[in-house]
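Per-entry structural report
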Amino acid sequence: MEQMLLETVQDASRQITITSIINICLVAAIVVAVFIILSVVRKRLKNKLPLENDMRRLHMYTTVFRIVKVLVIISGVIAILQVLGINISGIAGGIGVVLVIFLLAMKDSFQDLFSGFTIMTDKYFSVGDAVEFDGRDGIVISFTVRTTKIEFIDDRSVMSIA
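All figures in this text were calculated on a predicted structure; none of them were measured in a lab.

What follows covers the overall build of the protein chain. Regarding its fold elements, the protein chain presents 5 helices and 4 strands. When the helices and strands of the protein chain are placed in sequence order, the string is α-α-α-α-α-β-β-β-β. Across the 162 residues of the protein chain, 18% fall into the buried class. In the protein chain, the proportion of contacts linking residues at least 24 apart, taken out of those at least 6 apart, comes to 37%. In the structure as shown, the protein chain presents an accessible area of about 11700 Å², 65% of it carried by carbon and sulfur atoms.

Taken together, the side chains of Arg 42, Lys 46, Arg 66 and Lys 69 make up a positively charged region of the molecular surface. Those elements that provide at least two residues to the positive patch are helix H2 (18–48) and helix H3 (55–83). The topology assignment puts Lys 46 in helix H2.

Attention now moves to the layout of surface pockets. In this approach, a probe sized like a water molecule rolls over the atoms, and the result shows the empty space that is left. Taken as a whole, the largest pocket encloses approximately 310 Å³ of empty space. Forming the walls of the largest pocket are Ile 67, Val 70, Leu 71, Leu 99, Phe 102, Met 106, Ser 109, Phe 110, Leu 113 and Arg 146. Of the residues in the lining of the largest pocket, the class split is 8 nonpolar, 1 polar and 1 charged.

This part takes up the pattern of salt bridges. Per the counting criterion, the structure on display carries 3 salt bridges. Residue Asp 155 pairs with Arg 136 through a salt bridge whose shortest N-O separation is 3.0 Å. Residue Asp 155 is located in the loop between strand S3 (148–152) and strand S4 (158–161), and its partner Arg 136 is located in strand S2 (residues 136–143); the two are separated by 19 residues in the primary sequence. Its relative accessible area of 46% is what places Asp 155 among the partly exposed residues. With a shortest N-O distance of 3.7 Å, Glu 151 and Arg 156 are connected by a salt bridge. Residue Glu 151 is classed as partly exposed on the basis of its relative accessible area of 23%. For Arg 156, a relative accessible area of 56% gives the class exposed.

Bringing a nonpolar patch on the surface into the picture now. Taken together, the side chains of Ile 67, Val 70, Leu 71, Ile 74 and Ile 78 define a hydrophobic patch exposed on the protein surface, amounting to about 440 Å² of accessible area. Take Leu 71: it is sitting in helix H3.

Counting residues in hydrophobic clusters, the biggest one holds 6 residues: Phe 125, Val 131, Val 140, Phe 143, Ile 150 and Phe 152. Of all elements in the fold, only S2 and S3 reach the threshold of two or more residues within this core.

As paired elements, strand S1 (residues 130–133) and S2 share 4 bridges and run antiparallel to each other. Looking at S2, one finds that Phe 133 is bridged to Arg 136. Once S1 ends, the chain turns through 2 residues before running back antiparallel as S2, passing Asp 134 with a positive phi of about 55°.

Another point: the sheet that holds S4. As summarised here, the arrangement of the 4 strands in space is S1-S2-S3-S4, forming an open sheet in which the pairing is antiparallel. With one partner strand each, in any of the chains shown, S1 and S4 form the two edges of the open sheet. Shown here is a sheet whose adjacent strand axes are inclined to one another by a mean of 45°, direction ignored. Pairing geometry for S3 and S4, over 4 bridges, is antiparallel. Bridged to Ile 150 within S4 is Met 159.

Cut-offs and rules
- Residues numbered from 1 in each chain as written.
- Predicted model: local features only at pLDDT ≥ 70, side-chain atom pairs only at ≥ 80, totals over all residues.
- Heavy atoms only, no water.
- Helix = DSSP H or I, 4+ residues; strand = E, 2+ residues; numbered from the N terminus.
- Buried < 20%, exposed > 50% of the residue type's maximum accessible area, 1.4 Å probe, protein only.
- Contact = heavy atoms within 4.5 Å.
- Areas by Shrake-Rupley, 256 points an atom, 1.4 Å probe, with all protein chains shown as cover.
- Patch = residues over 30% accessible without salt bridge, like charges linked within 9 Å, V, L, I, M, F, W, Y side chains within 5 Å.
- Salt bridge = Lys/Arg side-chain N within 4 Å of Asp/Glu carboxyl O.
- Lys, Arg positive; Asp, Glu negative; His and termini not counted.
- Charge placed at Lys NZ, Arg CZ, Asp CG, Glu CD.
- 1 Å grid on protein atoms, 1.4 Å probe; cavity = no way out; pocket = protein on both sides within 12 Å on 5 of 7 lines; lining within 4 Å.
- Points joined across faces, edges and corners; volume = space filled by probe spheres on them.
- Nonpolar A, V, L, I, M, F, W, Y, C, P; charged D, E, K, R; others polar.
- Core = buried A, V, L, I, M, F, W, Y, C linked by side-chain atoms within 4.5 Å.
- Pairing = 2+ DSSP bridges.
- Axes fitted to C-alpha atoms, helices over the stretch in contact; angles between N-to-C directions.

Shown next, in the form of structure tokens:
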């Protein structure tokens, strides 16, 4: 297996030409352009949101932009490997198996993440709302996709609920 990988890398290094270097630069330029566009869109959306009233949208946009950035980087790496002539089908298969194992191991975390998105999009509560948790009255002081912070009225203690 290691010998095959070494031979593949050696063959790919021999085949690097001016055309492949230009193609790599083109892929890198596209990735950089997408990052610049994402940055501009994110700044414009952030400037349009009133921060006090719409923290849930800000958190959602931030999370979505992070996911898109990771996908752009992965796509760029795959494109560069293909330009170099490296066969990525075996790598993709291995990554697929590792990804399935990872997703099964992280099932509960992803369930919490989707629950957080549901709370944010359905607007069950907002910052400043009075809530009851474990028989105690409190006020929501902040929340993200993963946690909600409540300040209890009786003793001013703060609890973070995941």
